[in-house]
Protein chains: 2
Amino acid sequence: MQHLKHCQGLASVFLIRSQSSRISKSIIPSLSVWDGHLSSRWRSTGGHGRQKYFSDRVPKFRFALAGLLVGTGAVLAYRLHQGKVEWAASSAQLPVTQTSALPVYTLEEVTKHCSLDNGVWVTYKGEVYDITAFVAMHPGGDKILLAAGGSLEPYWALYAVHEQDHVFEILSEYKIGVLNTESIKKQESVNTLDPYSAEPTRHPALRINSLKPFNAEPPSSILSDNYITPSVIFFKRNHLPVPRVDPETYRLEIEGLPGGVVSLTLNELKSCFPKYTITATLQCAGNRRSEMNTVKQVKGLNWGIAAISNATWSGALLRDVLLHYGFGPEVAAKAQHVQFEGLDKDVTGTAYGASIPLNKAVSEDGDVLLAYEMNGEDLPPDHGYPVRVVVPGIVGARNVKWLGKIVVSEEESKSHWQQNDYKGFSPGTDWDTVDFKSAPAIQELPIQSAITHPAEGTSVDASDGEVTVKGYAWSGGGREVVRVDVSIDGGKTWHVAKLRTGDKGQQAPPPPPGKAWAWKLWEIDVPLPHRAQELEIVCKAVDSSYNMQPDTVAPIWNLRGVLSNAWHRVKVKVNEDL
Amino acid sequence: MQHLKHCQGLASVFLIRSQSSRISKSIIPSLSVWDGHLSSRWRSTGGHGRQKYFSDRVPKFRFALAGLLVGTGAVLAYRLHQGKVEWAASSAQLPVTQTSALPVYTLEEVTKHCSLDNGVWVTYKGEVYDITAFVAMHPGGDKILLAAGGSLEPYWALYAVHEQDHVFEILSEYKIGVLNTESIKKQESVNTLDPYSAEPTRHPALRINSLKPFNAEPPSSILSDNYITPSVIFFKRNHLPVPRVDPETYRLEIEGLPGGVVSLTLNELKSCFPKYTITATLQCAGNRRSEMNTVKQVKGLNWGIAAISNATWSGALLRDVLLHYGFGPEVAAKAQHVQFEGLDKDVTGTAYGASIPLNKAVSEDGDVLLAYEMNGEDLPPDHGYPVRVVVPGIVGARNVKWLGKIVVSEEESKSHWQQNDYKGFSPGTDWDTVDFKSAPAIQELPIQSAITHPAEGTSVDASDGEVTVKGYAWSGGGREVVRVDVSIDGGKTWHVAKLRTGDKGQQAPPPPPGKAWAWKLWEIDVPLPHRAQELEIVCKAVDSSYNMQPDTVAPIWNLRGVLSNAWHRVKVKVNEDL
């Protein structure tokens, strides 16, 4: 495992790779000397700013990150700071206020310090820290800048490794003030004035595509850090305001079965049916839509590559519930679809709706859940609390959240989203010629993969002799990803990546055929060609049906920008070793 | 329906389109005048020969063909010859021997007359005909040349429309002699000297890729003429000599079930289990391998685009048989595969073998057949008489013929063809680096389509203003083909083809989700761009999981040349209107 290798060798890797390539590698400098070099280098970057900093440094820090996120490595990494003694020496150069009379800042003042140019300030429990000088030393690399100008808490909740005494000690060295009371309240407040007034608080790392309704994806740089995506950064795809549902009064209605309408309480759903857990990846039909926009403008949210995430889901099997309430051959002889209706409604009272084929709903192999837990906890409000449908292998849009009603029917859902949206068309079809009836509603999704590291426009270090490429791959319909090919020359030659089905070498046993609901993460070190100046990194995945991704975007372009699964391409520069 | 249009308009379409583009279209000439024109033109073609003839004429004759093959149109077409009176007038110019003292020919002499340059001779019931002058008038177009130098019977058996009195009357006009007795015997004889001595007689239209073992595909020009491929031209893919099995002594053994080994007679298989019929397309993993060879040489038979065919299959459901003999949860808890062993064996006694996942074999939706009929008749010897497995949606290689044994097992088949063949690899994997254990055995096949008309290197007529493009599309795993996109500019712009699921407008009802076992045929008339001189015609299909074909061959190239499903491309010239 590539991953394990990084972890075991982390101490030396971190020290060596974290250095600027412009610093001689013949001597491993003490931390204070090193700090000095880095500080002076930042000052000299002048107007280059954050972008320049990222493009120079990102690849190196990522090496350390791989180790960080697997736990043991992270502790080792933080211990490299060698306690307070050495810190005290280096901190003499830092703008730390060491008196008890600390300045009071407003949130607005903190927010301005969100870059290396303006200084990197963060808050933690009402206190303000200037961590500008620490950024280069952060074992997690540049990801620390996601919190710049805001609060650390949501990130530390995500990466619990930070919740340790020696990390608090390091942080304390950078304290420069406290927040005023109003700012503290503001950090926790939500707007109470519009239909979106009850929206839950979201993780600040999310890249927001639309605020109302809320649609957001995690930064692609952190997407593949966890095999199970933490719920807080799991992509959010809401079509309407998030309904706040009282679990006591919640009822799930079921229609279309012989005994008439069924009305289930949350407690009945939880207690009357076996609890079943699956790990399943959900993907928005519009994932990677932004690449289609580069061909020709499409309609839809401009998703990057991260409108896809992976979680464990627990709940009752839809099959069990339908069978319990009378589903049998008599119903099957007529019905062909199972419709779902959400409790999220627009101003006219129209609810979100979708349907799936009956055989998916009732098949023993379908694994369709009426889920009430995500990653071992109650569903978060953004993910359908108290109950949602999880239809593994099927486009996100049919995984109806805040589930209010199930209808076993001869017909598909009549909702806009089933009939006049989420369908694929030929590149030659435009809004003047489109006939939504001519295409089937998207259900299973095609084979997909993307590169999460390195990022577009960054640089890799020629002295490393190789480039580490990472990403995810997934396919719909329970088809297992069996191979990911990676090219660094735009697709002329190909290398086979290593796949994993868990964190830190926790490979899951292979799923039964047709039940590979979860993605695979992949990684590969590709040797750099001699004197390469630029790389076009490309990935393409293959699933168990040996379907592969199409080469280019234009021939799969469609007016709604869905099903964007061409080879993912990332261009990076190669920094020559001096 | 495009098809219907052709059929209804056949009389005029045939007359007009069958003319040479160099003949004025302002007058519809009488048949005799028309014959005179064509005859003189043939004589003037001099050394151009058959290839030239084909490239000039093929597209026009194909228009008539569409009508011919749907029955009614064919009768109409033949009646255009207007009986014997007009024939007598035109036949004065033809080399017809009208005396009773006919010359006697050998088969060798007939065989030499296999082109328009050397004359087109055919035999029928021991008599010899020179049909050179008739070729241009043949309502079925140039396909008549498939029989040139040989016997008509196998083709007329394929296109039963010929078995009519007025067709025999037309033919009689061209009689020039009789075959000698030895030749008649030779036509029916088979070589009796080697392990392949008992091979069945094959249809002469087949394009042979390997004689021993026999591997052949139909000419792509006739592949999409029938929605149900006639058994005689259904592609043949044998790994070993065809075993001749006595139905009386035939036994099917079943192992791995609680009651011990089962031994079933053919009669028991037919009488003890319900007979179930499906229409299913089978495709060889190596279909379209020849396109991979143009990138870099691969190992394997050089299949064109026709190692795929569609038939109806009848037999017992494997699921029914396994359940009857004790398959249940106890077996399912351990077993994961169902192995098949053929009665075809190599010199060491090793039988052909393969396996499929257990869930495919026993699922209600799997539709796996122990088939004893193909297209309503006993299986032909080349297709597994008396019993074969038909695993719809799965690569041909697992559809074991001459089935001798079924084993329910924890393991895959250990056969060479399961373990060290029929697997897909990265383009970067060569014979020095390949590890067959690293890839899964091919089961479901990916989305596929190809162009059957027009043929590569032929010409289309600019005066038509459009080009008719036809082909097939199919996907594995029961995924329905939902769209075929066609381009005539190499993939820059796309048009949506019309799909059909039967002959002559006999559209089948849509299959249940996940049970689309049969291909779709498609057709489209694409307007010709002004002053186009060459077209690069391209097709790509989309299935119900919205998987699409990859753009190019090189990135899916693999050392065995399997899974060749890139866009199919055909280049044709445009003949300017004079």
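Residues numbered from 1 in each chain as written. Chains lettered and ligands numbered in written order. Predicted model: local features only at pLDDT ≥ 70, side-chain atom pairs only at ≥ 80, totals over all residues. Heavy atoms only, no water.

### What to know about the packing of aromatic side chains
All names here are of chain A.
- Under the criterion given, the structure shown has 24 aromatic pairs over all chains.
- Look at Phe-134 and Tyr-174: their rings are 5.7 Å apart centre to centre, the planes differ by 55°, and that puts the pair in the tilted class. Residue Phe-134 is found in the loop between strand 4 (127–130) and strand 5 (150–151), and its partner Tyr-174 is found in the loop between helix 9 (165–172) and strand 6 (175–179); the two are separated by 40 residues along the sequence. The burial state of Phe-134 is the same as that of Tyr-174; both residues are buried.
- With 4.6 Å between their ring centres and 45° between their planes, Tyr-352 and Trp-417 make a pair best called tilted. (Phe/Tyr/Trp six-rings, centres within 6.5 Å; stacked < 30°, edge-to-face > 60°. Helix = DSSP H or I, 4+ residues; strand = E, 2+ residues; numbered from the N terminus. Buried < 20%, exposed > 50% of the residue type's maximum accessible area, 1.4 Å probe, protein only.)

### A closer look at the sheet that holds strand 7 (residues 207–210) of chain A
All names here are of chain A.
- Taken in spatial order, the three strands line up as 7-8-9 in an open sheet, and their pairing is antiparallel. Two strands bound the open sheet, and with one partner strand each, they are strand 7 and strand 9 (236–237).
- Note that strand 8 (residues 215–217) and strand 9 share two bridges and pair antiparallel. Directly across from Ala-216, in strand 9, lies its bridge partner Lys-236. (Pairing = 2+ DSSP bridges.)

### Let's talk about unusual backbone geometry
Residues and elements named next belong to chain A.
- The residue after His-453, namely Pro-454, is reached through a cis peptide bond having omega 0°.
- Not every positive phi belongs to a glycine, and Asn-375 is a case in point at roughly 50°.
- Backbone geometry places Arg-531, a non-glycine residue, at a positive phi of 60°.

### Details of helix 9 of chain A
- Of all the positions in helix 9 of chain A, only A:His166, A:Val167, A:Ile170 and A:Leu171 are classed as buried. Buried residues of helix 9 of chain A fall within an arc of 145° about the axis and therefore sit on the same side. (Arc of directions from axis to C-beta.)

### Quick word on the pairing of strand 14 (residues 337–345) of chain A
Residues and elements named next belong to chain A.
- Sheet topology note: the strand 14/strand 15 (residues 351–357) ladder contains six bridges and is antiparallel. Bridged to His-337 within strand 15 is Pro-357.
- The turn linking strand 14 back onto strand 15 is made up of five residues, and Gly-349 within it adopts a positive phi angle of 90°.

### Regarding the confidence of the model for chain A
All names here are of chain A.
- Here chain A averages 83 in pLDDT, and 80% of its residues register 70 or above.
- Across residues 1–99, confidence stays below pLDDT 50; counting only partners more than four residues off in sequence or on other chains, it has 156 contacts.
- Confidence estimates for the predicted assembly give a pTM of 0.74 and an ipTM of 0.74. (pLDDT = per-residue confidence, 0-100. Contact = heavy atoms within 4.5 Å.)

### Quick notes on the environment of B:Val110
Residues and elements named next belong to chain B.
- Mapped onto the secondary structure, Val-110 falls in helix 7 (residues 107–112).
- Exposure remark for Val-110: the relative accessible area of 0% places this residue in the buried category.
- In sequence terms Val-110 and Pro-509 are 399 residues apart; their C-alpha atoms lie 47 Å from each other.
- Those residues in contact with Val-110 that sit more than four places away from it in its chain are Tyr-105, Trp-121, Thr-123, Val-128, Gly-149, Gly-150 and Leu-179.

### Observations concerning the pattern of salt bridges
- Considering all chains together, one arrives at 40 salt bridges over all chains under this definition.
- The closest approach of N and O atoms between A:Arg560 and A:Asp421, which form a salt bridge, is 2.6 Å. Placement of A:Arg560 in the loop between strand 27 (534–543) and strand 28 (568–575) and of A:Asp421 in the loop between helix 17 (416–419) and strand 20 (448–453) is noted, with a sequence separation of 139 residues between them. Across this residue pair, the class does not change: A:Arg560 and A:Asp421 are buried.
- For B:Arg483, the salt bridge identified is with B:Asp485, shortest N-O distance 2.8 Å. (Salt bridge = Lys/Arg side-chain N within 4 Å of Asp/Glu carboxyl O.)

### Here we look at the interface of chain B and chain A
- Facing 37 residues of chain B, the contacting portion of chain A comprises 37 residues.
- When chain B packs against chain A, the two sides together hide about 2900 Å² of surface, and 54% of this comes from carbon and sulfur.
- Looking at the side of chain B facing chain A, the largest losses of area belong to B:Tyr546, B:Asn547 and B:Met548, adding up to 21% of the total buried there.
- Here chain B and chain A share zero salt bridges between them.
- Taken together, the links from chain B to chain A amount to 15 residue pairs in polar contact (both at pLDDT 80 or more). (Buried area = accessible area lost by both parts, 1.4 Å probe. Polar contact = N/O pair within 3.5 Å; in protein donor to acceptor, adjacent residues only side chain to side chain.)

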